[in-house]
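# Close look at the chain arrangement
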Amino acid sequence: MSLQTEIDGQKCIGCELCISACPFGALEMHEGIARVNDQCTLCGACADVCPEEAIFVPSLDEGQRPEDYCGVMIYAEQRLGKVAEVSYELLNKGRELADILKAPLSAALIGSGLSSSAESLLQYGADRVYMADHPSLEGFLDELYGEVLTRIIRLSRPEILLAGATAIGRSFIPKVATQIGTGLTADCTELSIDQGKRLLLQTRPAFGGNIMATIICPQKRPQMATVRSKVMKKGLPRPTGSGEIVRVDMDGNMPAPKTKLLEIVEEVTEKVRLAEADVIVSGGRGLQEGKHFAMIRELADLLNAAVGASRGAVDSGWISYAHQVGQTGKTVAPKLYIAIGVSGAVQHLVGMQSSETIIAINSDPHAPIFDVASYGIVGDLFEVVPEMIRQLKQKMH
Amino acid sequence: MHIIVCIKQVPDTKHVKLDEKTHTLIREGVESIINPYDMYALEEGLRLKDQFGGKVTVCTMGPPQAESALREAVTYGADETVLLSDRAFAGADTWATSYTLAKGIEKLGPYDLILCGKQAVDGDTAQVGPGIAERLSLPYVTWVRKIEEIKDGRMKVQRLMDDGYDRLELPLPALLTVVKEINEPRVPSLKGKMRAKNQKIQVFGVKELGVDPDQVGLQGSATQVVKVFPPPRLKERAWIEGTAESQVTQVLDKLNLLKVI
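Residues numbered from 1 in each chain as written. Chains lettered and ligands numbered in written order. Predicted model: local features only at pLDDT ≥ 70, side-chain atom pairs only at ≥ 80, totals over all residues.

### So, the overall build of chain B
Across its full length, chain B carries 7 helices and 13 strands. Oriented by its inertia axes, the alpha-carbon framework of chain B measures out at about 70 × 40 × 40 Å. The buried share of chain B, taken over its 261 residues, is 47%. Summarising the internal contacts of chain B: among those between residues at least 6 apart in sequence, 68% fall at separations of at least 24. (Helix = DSSP H or I, 4+ residues; strand = E, 2+ residues; numbered from the N terminus. Buried ≥ 20, exposed ≤ 12 C-beta atoms within 10 Å, placed from the backbone. Contact = placed C-beta atoms within 7 Å.)

### Thoughts on the interface of chain B and chain A
Between chain B and chain A, the contact holds 69 residues from the first and 69 residues from the second. Of the residues contributing to the side of chain B that touches chain A, the split by class is 35 nonpolar, 15 polar and 19 charged. Pairing between strand S14 (residues 211-216) of chain A and strand S12 (residues 224-229) of chain B: 5 bridges, direction antiparallel. The partner of Ile216(A) across the bridge, within S12(B), is Gln224(B). (Nonpolar A, V, L, I, M, F, W, Y, C, P; charged D, E, K, R; others polar. Pairing = 2+ DSSP bridges.)

### Observations regarding the domain arrangement of chain A
As far as domains go, chain A holds domain 1 (6-58), domain 2 (66-247) and domain 3 (274-396). Measuring from the centre of the C-alpha atoms in domain 1 of chain A to the corresponding centre in domain 3 of chain A gives 60 Å. (Domains from an automatic or database assignment.)

### Things to note about the sheet that holds strand S4 (residues 55-61) of chain B
The strand order across the open sheet built from 10 strands is S17(A)-S9(B)-S8(B)-S7(B)-S10(B)-S6(B)-S1(B)-S4(B)-S5(B)-S11(B), with neighbouring strands paired in mixed fashion. Edge positions in the open sheet fall to strand S17 (260-266) of chain A together with strand S11 (202-204) of chain B, since each of these has one partner strand only. Strand after strand, the sheet turns through a mean of 30 degrees between neighbouring axes, direction not considered. Relative to S11(B), strand S5 (residues 80-84) of chain B is paired through 3 bridges, and the arrangement is parallel. Counterpart to Val82(B) in the pairing with S11(B) is Gln202(B). (Axes fitted to C-alpha atoms, helices over the stretch in contact; angles between N-to-C directions.)

### Description of the packing of helix H3 (residues 94-106) of chain B against helix H4 (residues 128-135) of chain B
All names here are of chain B. The contact between H3 and H4 brings their axes to 8 Å, and the two run at 50 degrees. One finds that H3 runs oblique with respect to H4. Pair H3 / H4 crosses with right-handed handedness. Of the residues in H4, those touching H3 at Thr94, Trp95, Thr97, Ser98, Tyr99, Leu101, Ala102 and Ile105 are Val128, Gly131, Ile132 and Arg135. For the contact of H3 with H4, a count of residues per class yields 7 nonpolar, 4 polar and 1 charged. (Parallel < 35°, antiparallel > 145°, perpendicular 65-115°, else oblique. Left-handed = near helix turned anticlockwise from the far one by under 90°.)

### A closer look at unusual backbone geometry
For the bond from Arg221(A) to Pro222(A), the omega torsion is -5 degrees, close enough to zero to count as cis. Along the chain, Pro222(A) falls in the loop between S14 and strand S15 (223-227). In this model, Leu172(B) is joined to Pro173(B) through a cis peptide bond whose omega is -5 degrees. Along the chain, the position of Pro173(B) falls in the loop between strand S9 (164-171) and strand S10 (174-178). The phi torsion at Lys259(B) lies on the positive side, around 60 degrees, for a residue other than glycine. Along the chain, Lys259(B) turns up in the segment after helix H7 (244-257).

### Thoughts on the pairing of strand S8 (residues 105-111) of chain A
Residue and element names in this part refer to chain A. Across the 7 residues of S8, 7 count as buried, placing the element largely inside the fold. With burial as the criterion, each face of S8 is covered, one bearing Leu105, Ala107, Leu109 and Gly111 and the other bearing Ser106, Ala108 and Ile110. The pairing of strand S5 (residues 72-76) with S8 spans 5 bridges and is classified as parallel. Pairing of isoleucine 74 across the sheet is with alanine 107, part of S8. For S8 and strand S9 (residues 128-133), the ladder comprises 6 bridges, and the chain directions are parallel. Note that in S9 the partner of glycine 111 across the bridge is aspartate 133. Following the chain from S8 across helix H5 (residues 115-123) to the adjacent parallel S9, one finds a crossover that is right-handed. (Right-handed = clockwise from strand over helix to strand, strands pointing away.)

Structure representation (structure tokens):
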């Protein structure tokens, strides 16, 4: 048995207000009385407009049962029309989890002008893409995206929902989890399935990466998690042809958002963004002067890397806060992290120690950065870094 | 203006060291502090009070000793303090925490703005702020790096994104979570320190809040921690020695193996 919206035939006056309010075309008139079909997602839009209080929508919070939910869904994040890399990483991981559960993998895509993005999600493993494509959804607003994703979840009822732990994901996914009435685990770095119990085992660093915790959501559904960028691997595209795109009708009954997006300003000038970079070259106070960051940038360019910085370098005004790695900056976990002249205060370490490989260059052999380094170079960075640039350039010619 | 600032008492990680063997924080003898991000929220609240008048109420959920965090907030200039404390609140995840805080805030009477730090440095979830907003049906903006203006019941703010920032406008009452960039917190005042000693701290428990005990604390949490363990150690650790030239040659070999170059 699944939950159903009920209409009291005695009370219904056939005004059809509910029919125009329903975003899913789930209501139809039958002999002068509204009737619910199987498109219903229990969103409650009909009950809100019914003047006779003839519609009863059961609350998912009370009635949700794990067995009513099936499949893995990822939130496919896009900004300015570009699908975030983390979404492809989630598709690959989602595919693996879905296969273990023998369940389908879907993606929820929200925005404007999304057709080609939806196709690429199918190529990267989604069986189905729920696409909410509407001009009003062009810019990211918590209220709108939250409302739409909540509707998609109620429509498709996945047992697992994954989203990137990005500025966008970590902002509105908590709202969705609260709306749905389920648990949410932030910033996971490892996901697996307890097959016997069909539970998602969500592992995340806590205390700035010094402790790992595995978390479950035993009763509520979906089991929701945000997942750190660059931790899961992106898969290979498959030829198109399989999978379907389901358009989520957004014309009826979109809430008028209280918040207005006035402007989007892109600010980080480097080609590669810190959170999405495979390689990060970071500079610290050992650089002595702001102008020496030019050397870091040059090395980063040669390695196609993003530029990071310690808090000390940022506080000295050598580089903007957007580049700060650490507890009060960004937490990163690239494949390779090169720390140059970074002593490795604990606040910095917790922001980068999950990196796959760490190379540290520092003149002080006792610098704490060497405690987490895979390869330690004790030396004068003003010798080592120019030499590195020289040899790299030589290799390229 | 009535501004409510939500804070959390956390262990001070600034002076702690990593245990070289277990790779965990050495927590013994570590002092408790106000979560650093919440200090920016408090400062922003105090600046708005300085500008528009009104009061700043600081609210926290925690054990009885979290009272000291509230007293500390008073030294900076907070006016009223509320501690949500009850044995039943212990072990709460972000779901139960945001429920409890929202219930506490409802008891504080009309307010214009709720401010939170972007996340607490112990849990690092960043989920409680949006959770409170949703439960109170308030519009919210996360990662706020600047409040541009507040006028005629509306505010303009800047939200820090991964690739720049967004400018947004929203009506009050609302909830904001703030990032470090938003301000430079002040130092405690002598007057504040005097006042903090005698500050009366309101304490609300399950009974005062009128909450369902099944909705709070461990009981009310949707998620459960099943295992805690130290992070995996790095596979390989080695010193690269020699002249600068030879060191670099060795590093490039490693980069080659890692397929970076």
